[in-house]
Number of protein chains: 2
Amino acid sequence: MEHTLKAVDAELAGLGHDLAAMGDLAVAQVRSAIDVFVSHDRINAQKVIRGDDALDLQDSEIERRAVKFIALRQPFADDLRRAVAAMKIAMQLERCGDLGKNIAKRVARMDAGAPADQAEMIGGLGRMAAARLAAVVDAYRRDDAQGAYTVWASDTEIDERHEAVLRDIISRMTATSEAVADGAHLLFIAKNLERIGDHATNIAELVHYQITGQDLADRPKG
Amino acid sequence: MEHTLKAVDAELAGLGHDLAAMGDLAVAQVRSAIDVFVSHDRINAQKVIRGDDALDLQDSEIERRAVKFIALRQPFADDLRRAVAAMKIAMQLERCGDLGKNIAKRVARMDAGAPADQAEMIGGLGRMAAARLAAVVDAYRRDDAQGAYTVWASDTEIDERHEAVLRDIISRMTATSEAVADGAHLLFIAKNLERIGDHATNIAELVHYQITGQDLADRPKG
């Protein structure tokens, strides 16, 4: 029994370790996507696009191990919550990778980069989203429910910034018809960045739940 | 042993039955979202928005039961594939519900409906996506790998239609600056419909995999 318990702990710790590493990779991919967007770097955009395959593989691998763990170890309570959360967090990280890849694909398809001040504004939204994602990956690694709560409670900041970015994109599209085609790409890029922020919020809920067993979703914010 | 086997089969059948019913509800929500969009019906848009809660609950419930099944029954091969697929399909359906809700929210926020011919064009894209989703829910219910394959292999149709819709929206936004603000909503509505089509493709892969154990993703299409 002692032996089995140790094996269970070691498997969960290994899963957690690899999931945190996957989180680091997702953050790096998102940051690279923002960089290639701001600098309109089409060559490195291809690198970001190719880099996403690694996240897809890691997601499948985490899922496979979590399912095997549940089936073979029949965990209860805490351990079961952790295994299910690992699977769901991996999926959220994989989605962040997809959104980063999607941004890089749009960079590759845009005629020109956005005007410098607009690129900087959208880049700022992106860095905000990436910082949230990095903070929640850290909270996961340190098993820090309070850290997860802090990320979760601060999601209105990014929504407000996203609204301001949208208004700016639309007003430039309205003023100059030449700005419409690339503007459509910018609308989707800004939306993808907002969604990365949403995924950070979802991960914060999962991290908080796996540690405390309590749902953040029912709690008032701020 | 005989007794346990029967219980396992009954649990899986019950899970499959409820998941197919969830699929029907997701299809109905998506169809209602398209209807309120085409008729610019802001009152029924609120009904679609509220209707999404039921899908969220059903998703949680399917996940809870699938995890419990895996932990208590320790299934192998086919049965394990089915339980994991149920969890993943429920999540895809829940996402379709979110996309429908998101369309209804945009209808509620748009100043006016799209011009009739444009609304009809976007509605056509939506009906194509909803038909794919309905077909793959049917394939799941009938345990029909060939039906899933047919849905999977036909996903370029919707991509082509989506591209045509995008070009139309952007050309109207370019021609008339008054069309820009609502046009931005239309771009996102069209994108949401395309993504519902993508989820149908993902579900087709999951249905095919749970029946055959073979990955469609590695196969050439058409």
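Conventions used here
Residues numbered from 1 in each chain as written. Chains lettered and ligands numbered in written order. Predicted model: local features only at pLDDT ≥ 70, side-chain atom pairs only at ≥ 80, totals over all residues. Heavy atoms only, no water. Helix = DSSP H or I, 4+ residues; strand = E, 2+ residues; numbered from the N terminus. Rg over C-alpha atoms; globule rule 2.2 N^0.38 Å. Least-squares fit on C-alpha atoms with pLDDT ≥ 70 in both. Contact = heavy atoms within 4.5 Å. Salt bridge = Lys/Arg side-chain N within 4 Å of Asp/Glu carboxyl O. Buried < 20%, exposed > 50% of the residue type's maximum accessible area, 1.4 Å probe, protein only. Buried area = accessible area lost by both parts, 1.4 Å probe. Polar contact = N/O pair within 3.5 Å; in protein donor to acceptor, adjacent residues only side chain to side chain. Nonpolar A, V, L, I, M, F, W, Y, C, P; charged D, E, K, R; others polar. Phe/Tyr/Trp six-rings, centres within 6.5 Å; stacked < 30°, edge-to-face > 60°. Lys NZ or Arg CZ within 6 Å of the ring centre and 35° of its normal. Axes fitted to C-alpha atoms, helices over the stretch in contact; angles between N-to-C directions. Parallel < 35°, antiparallel > 145°, perpendicular 65-115°, else oblique. Core = buried A, V, L, I, M, F, W, Y, C linked by side-chain atoms within 4.5 Å. Left-handed = near helix turned anticlockwise from the far one by under 90°. pLDDT = per-residue confidence, 0-100. Expected span 1.5 Å × (residues − 1).

A word on the overall build of chain A. The number of helices and strands found in chain A is seven helices and zero strands. Counting from the amino terminus, chain A carries its helices and strands in the arrangement α-α-α-α-α-α-α. For 222 residues, the compact-globule estimate of 2.2 N^0.38 gives 17 Å, and the C-alpha radius of gyration of chain A, at 19 Å, lies within 12% of that figure. Considered along the principal axes of its C-alpha atoms, chain A spans approximately 70 × 40 × 20 Å.

Turning to the relation of the copies chain B and chain A, a few remarks are in order. With an axial shift of 0.0 Å and an RMSD of 0.0 Å, the rotation relating chain B to chain A amounts to 180°. Interpreted geometrically, this transformation is the action of a two-fold axis. The position closest to the rotation axis in chain B is occupied by the C-alpha of Ala71(B), lying 2.5 Å away. Taken as a fraction of all interface residues of chain B, those also at the interface in chain A reach 100%, which identifies the copy contact as same-surface.

Turning our attention to the pattern of salt bridges. All names here are of chain A. Using the criterion set out here, one finds 30 salt bridges over all chains in the structure. Here Arg127 makes a salt bridge to Glu120, at a shortest N to O gap of 2.3 Å. The exposure class of Arg127 is partly exposed, given its relative accessible area of 40%. Under the relative-accessibility criterion, Glu120 is labelled partly exposed at 40%.

With 23 residues of chain B at the interface, the matching set in chain A holds 23 residues. Surface buried jointly by chain B and chain A totals about 2,200 Å² across both partners, of which 71% is contributed by carbon and sulfur atoms. Taken together, the connections running from chain B to chain A amount to two salt bridges. On inspection of chain B and its partner chain A, the count reaches four residue pairs in polar contact (both at pLDDT 80 or more). The set of elements that each furnish at least two residues to the side of chain B that touches chain A consists of helix H2 (42–73), helix H3 (77–109), helix H6 (155–175) and helix H7 (180–212) of chain B. Of the residues that constitute the side of chain B that touches chain A, the class distribution is 14 nonpolar, three polar and six charged.

Within this structure, the stated rule accounts for three aromatic pairs over all chains. Ring centres of Tyr149(A) and Trp152(A) lie 5.9 Å apart, and the angle between their planes is 35°; this geometry places the pair in the tilted category. Of the two residues, Tyr149(A) and Trp152(A) both sit in helix H5 (residues 145–153), three residues apart, roughly one turn of that helix. Looking at Trp152(A), the relative accessible area reads 1%, which means it is buried. Positioned above the aromatic ring of Phe188(B) is the side chain of Lys191(A), whose terminal nitrogen or guanidinium carbon lies 5.6 Å from the ring centre. One residue, Arg81(B), lies across the ring of Tyr209(B), its end atom 5.7 Å from the ring centre.

All names here are of chain B. Across the interface, H6 lies against H7 with an axial gap of 10 Å and an inter-helix angle of 175°. Classified by the angle between their axes, H6 and H7 sit roughly antiparallel to one another. Side by side, H6 and H7 meet where Asp155, Ile158, Asp159, His162, Val165, Leu166, Ile169, Ile170 and Met173 of the first sit next to Val180, Gly183, Ala184, Leu186, Leu187, Ala190, Lys191, Glu194, Gly197 and Thr201 of the second. When grouped by side-chain class, the residues that make up the contact of H6 with H7 number eleven nonpolar, four polar and four charged.

Glancing now at the nonpolar core. Judged by nonpolar contacts, the single largest core of 152 residues is most densely connected at Leu133(A) and Leu133(B). Not counting residues within four places of it along the chain, the set of residues in contact with Leu133(B) comprises Ala26(B), Val27(B), Val30(B), Leu93(B), Cys96(B), Ile196(B), Ala200(B) and Ile203(B).

Below, the discussion takes up the packing of helix H4 (residues 116–142) of chain A against helix H7 (residues 180–212) of chain A. Residue and element names in this part refer to chain A. Contact geometry of H4 with H7 gives a least axis separation of 9 Å together with a crossing angle of 15°. Judged on the interaxial angle alone, H7 and H4 are roughly parallel. Seen from above, H4 lies across H7 with left-handed handedness. Touching Gln118, Ile122, Leu125, Gly126, Ala129, Arg132, Leu133, Val136, Ala139 and Tyr140 of H4 are Leu186, Ile189, Ala190, Leu193, Ile196, Gly197, Ala200, Thr201, Ile203, Ala204, Val207 and Gln210, all from H7. In terms of residue class, the contact of H4 with H7 is built from 16 nonpolar, five polar and one charged.

Close reading of the predicted structure is inappropriate where its pLDDT is low. Residue and element names in this part refer to chain A. For chain A, the mean per-residue pLDDT works out to 94, and 97% of the residues sit at or above 70. In the model of chain A, helix H1 (residues 2–38) stands out as the element of lowest mean pLDDT, 93, in contrast to H4, which has the highest, 98. Interface confidence for the predicted complex, expressed as ipTM, amounts to 0.90; the pTM equals 0.93.

The next thing to look at is the side chain of Gln118(A). Mapped onto the secondary structure, Gln118(A) falls in helix H4. If near-sequence neighbours (up to four positions away) are discounted, Gln118(A) is found in contact with Asp168(A), Ile169(A), Arg172(A) and Leu186(A).

Attention now goes to H7(A). Residues and elements named next belong to chain A. The end-to-end C-alpha distance of H7 is 48 Å, a good match for the 48 Å that 33 residues give at a rise of 1.5 Å each. Within H7, 26 of the 33 residues are buried, which leaves the element mostly enclosed by the surrounding structure. Looking one or two residues past H7, Gly213 carries a phi angle of roughly 75°, positive in sign.

Looking now at H2(B). Between its first and last C-alpha, H2(B) extends 47 Å over 32 residues, near the 46 Å set by a 1.5 Å rise per residue. Note on H2(B): the residue one or two positions beyond its end, Gln74(B), has a positive phi of about 45°.

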